Amino acid sequence: PPSIFGVFRPATRLALLSRSMPFKRFVEVGRVALICYGPDTGKLCTIINVVDQSRVLVDGPEGITGVRRQAVNIKRIMLTDYKVDAILNCPEKKLKALFESEDIMGKWKASNWGKKLENRKLRLATNDFERFQVMLARKERSAARKAAMGE
Amino acid sequence: CPPQTGLLSPMTVTFAKKEIGGAKNGGTRDVPTKKAPTYYPAEDVPVKAPSEREAKSCGVAKLRKSITPGTVLILLAGRFRGRRVVFLKQLPSGLLLVTGPYQVNGIPLRRVNQAYVIATSTSVNVQSVDASKFGDEYFGNKNKSKAKKKGDDFLAADEEKNELSEERKTDQLAVDTPLMTTIEQTPLMAKYLKARFSLSKKQAPHAMKF
């Protein structure tokens, strides 16, 4: 497409768009997304093809995230900051290698979003005694904070 | 248990002699020990035979898999609702024998119904505790003969007062002392047993793990 700027720039669509649009995460091949509805809720997946305006073809990769290759409604996913250099309809093995080289899972677990989801899962899994221990720990923390503020 | 199959058997009446007053009434009267029913059906009704499932379900309440000796239970009803206790064993009647321990939360050796209890996944080692001497006869109100009060007695206060027997106190200690040593080995366990259970606004018991 003809460049709308007077100067020569790399003519990628995104390079053009990033200048004029506030969006940072796009539905594109290689985009890592979080599934938030359905049987695979809470799992990461990679977009490897677009089906139509409402659906994308997605793969875990299955070996890492457990999400099988399937078409998923865009409304059921949330895009993340991570992108992988996958080709169109990337084979699962290749996708897995890309994931491991970029350490997407590590980055995800270290991110605030990832940590929040993990904490939510842990909280649901606490038993009665653990809930009691957490309650005591929160009281201790609150008392320590109050003491620190008092200084 | 459901009654035997077949038609209702004809009643065999036994009589007892009862003293009666009145000069011309003969002094005694033969009175049936069991009064005849005020109603019985006009035609003989065959008694329903229990199905195999009904017949098998007779007896003592089956103990939930989640309840094993030492499990911490949350009592949901009764005088000690909301408290956490240690389960010792199931009594022949089906009720559960629990103890606070008494020095931790004030709950003595007590019987509790399994239906009014949440079993948590936390448990205490009760191998050192010997609860074999306790059965249903140990518990329950004995000598509860309520003689009908007449006249002035209505206004008189109840004379009987339940004194805690020495036997109960020693039994409580015998069970609790070894239990306390095990409880003190786990940090915060005694505090946990002392604390009460309650639900806050956003908690839903069906979504909680116990």
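Preceding this paragraph is the structure being described.
Residues numbered from 1 in each chain as written. Chains lettered and ligands numbered in written order. Predicted model: local features only at pLDDT ≥ 70, side-chain atom pairs only at ≥ 80, totals over all residues. Heavy atoms only, no water.

Caption draft 1: Broad picture of the interface of chain B and chain A. Chain B puts 18 residues into the contact, and the matching count from chain A is ten residues. When the two sides are added together, the surface that chain B and chain A hide from each other amounts to roughly 1000 Å², 60% of it contributed by carbon and sulfur. When the buried area of chain B at its contact with chain A is split by residue, Leu 188, Tyr 192 and Lys 209 of chain B rank highest and sum to 48% of it. Linking chain B to chain A there are one salt bridge. Its salt-bridge partner being Asp 128 of chain A, residue Arg 84 of chain B comes within 2.9 Å of it at the nearest N-O pair. Across the contact surface, chain B and chain A share five residue pairs in polar contact (both at pLDDT 80 or more). Looking at the side of chain B that touches chain A, the elements with two or more residues in it are strand 7 (117-123) and helix 4 (189-194) of chain B. Considered class by class, the residues forming the side of chain B that touches chain A number ten nonpolar, five polar and three charged. (Contact = heavy atoms within 4.5 Å. Buried area = accessible area lost by both parts, 1.4 Å probe. Salt bridge = Lys/Arg side-chain N within 4 Å of Asp/Glu carboxyl O. Polar contact = N/O pair within 3.5 Å; in protein donor to acceptor, adjacent residues only side chain to side chain. Helix = DSSP H or I, 4+ residues; strand = E, 2+ residues; numbered from the N terminus. Nonpolar A, V, L, I, M, F, W, Y, C, P; charged D, E, K, R; others polar.)

Caption draft 2: A look at the pattern of salt bridges. Scanning all chains against the criterion turns up 15 salt bridges over all chains. Taking the shortest distance from any N to any O, the salt bridge between Arg 31 of chain A and Glu 28 of chain A comes out at 2.7 Å. Neither Arg 31 of chain A nor Glu 28 of chain A differs from the other in exposure class; each is buried. In this structure, Arg 68 of chain A and Glu 62 of chain A form a salt bridge, with 3.4 Å as the shortest nitrogen-oxygen distance. What makes Arg 68 of chain A exposed here is its relative accessible area of 56%. Since its relative accessible area comes to 38%, Glu 62 of chain A is described here as partly exposed. Linked by salt bridges that have partners in common, Asp 128 and Arg 131 of chain A together with Arg 84 of chain B make up one network. (Buried < 20%, exposed > 50% of the residue type's maximum accessible area, 1.4 Å probe, protein only.)

Caption draft 3: Representation of helix 5 (residues 112-124) of chain A in the model. Its 13 residues give helix 5 of chain A an end-to-end C-alpha distance of 18 Å, which sits within 8% of 18 Å, the value for a rise of 1.5 Å per residue. Across the 13 residues of helix 5 of chain A, one count as buried, placing the element largely on the outside. (Expected span 1.5 Å × (residues − 1).)

Caption draft 4: Region of interest: the pairing of strand 2 (residues 44-50) of chain A. Residues and elements named next belong to chain A. Within strand 2, five of the seven residues are buried, which leaves it mostly tucked inside the rest of the structure. Bridge count for strand 1 (residues 31-35) against strand 2 is three bridges, and the pairing is antiparallel. Paired with Val 32 across the bridge in strand 2 is Thr 46. The hairpin formed by strand 2 and strand 3 (residues 55-59) contains four residues between the paired strands. (Pairing = 2+ DSSP bridges.)

Caption draft 5: Main features of the pairing of strand 1 (residues 15-19) of chain B. All names here are of chain B. Little of strand 1 sits inside the fold, with zero of its five residues counted as buried. Both strand 1 and strand 2 (residues 28-32) contribute to a ladder of five bridges, which runs antiparallel. Paired with Lys 17 across the bridge in strand 2 is Asp 30.

Caption draft 6: Spatial organisation of the layout of surface pockets. One number sums up the size of the largest pocket: a volume of about 880 Å³. If you go around the largest pocket, you meet 22 residues; those closest to its centre are Arg 123, Thr 126, Arg 131 and Val 134 of chain A together with Gln 203 of chain B. For the lining of the largest pocket, the secondary structure elements donating two or more residues are helix 5 and helix 6 (128-150) of chain A. Sort the elements by how many residues they give to the lining of the largest pocket and helix 6 of chain A lands first, with six residues. Grouping the amino acids of the lining of the largest pocket by side-chain chemistry returns nine nonpolar, four polar and nine charged. (1 Å grid on protein atoms, 1.4 Å probe; cavity = no way out; pocket = protein on both sides within 12 Å on 5 of 7 lines; lining within 4 Å. Points joined across faces, edges and corners; volume = space filled by probe spheres on them.)

Caption draft 7: Structural view of the nonpolar core. Counting 25 residues, the largest nonpolar core has Leu 88, Leu 97 and Phe 134 of chain B as its most contacted members. Looking at this core, the elements with two or more residues in it are helix 6 of chain A together with strand 4 (84-90), helix 3 (166-185) and helix 4 of chain B. Take this core: its biggest share by element is four residues, from helix 3 of chain B. Sequence-distant contacts of Leu 97 of chain B, that is, excluding residues within four places in its chain, are made with Val 86, Phe 87, Leu 88, Lys 89, Leu 91, Leu 109, Arg 110, Ala 131, Phe 134 and Phe 139 of chain B. (Core = buried A, V, L, I, M, F, W, Y, C linked by side-chain atoms within 4.5 Å.)

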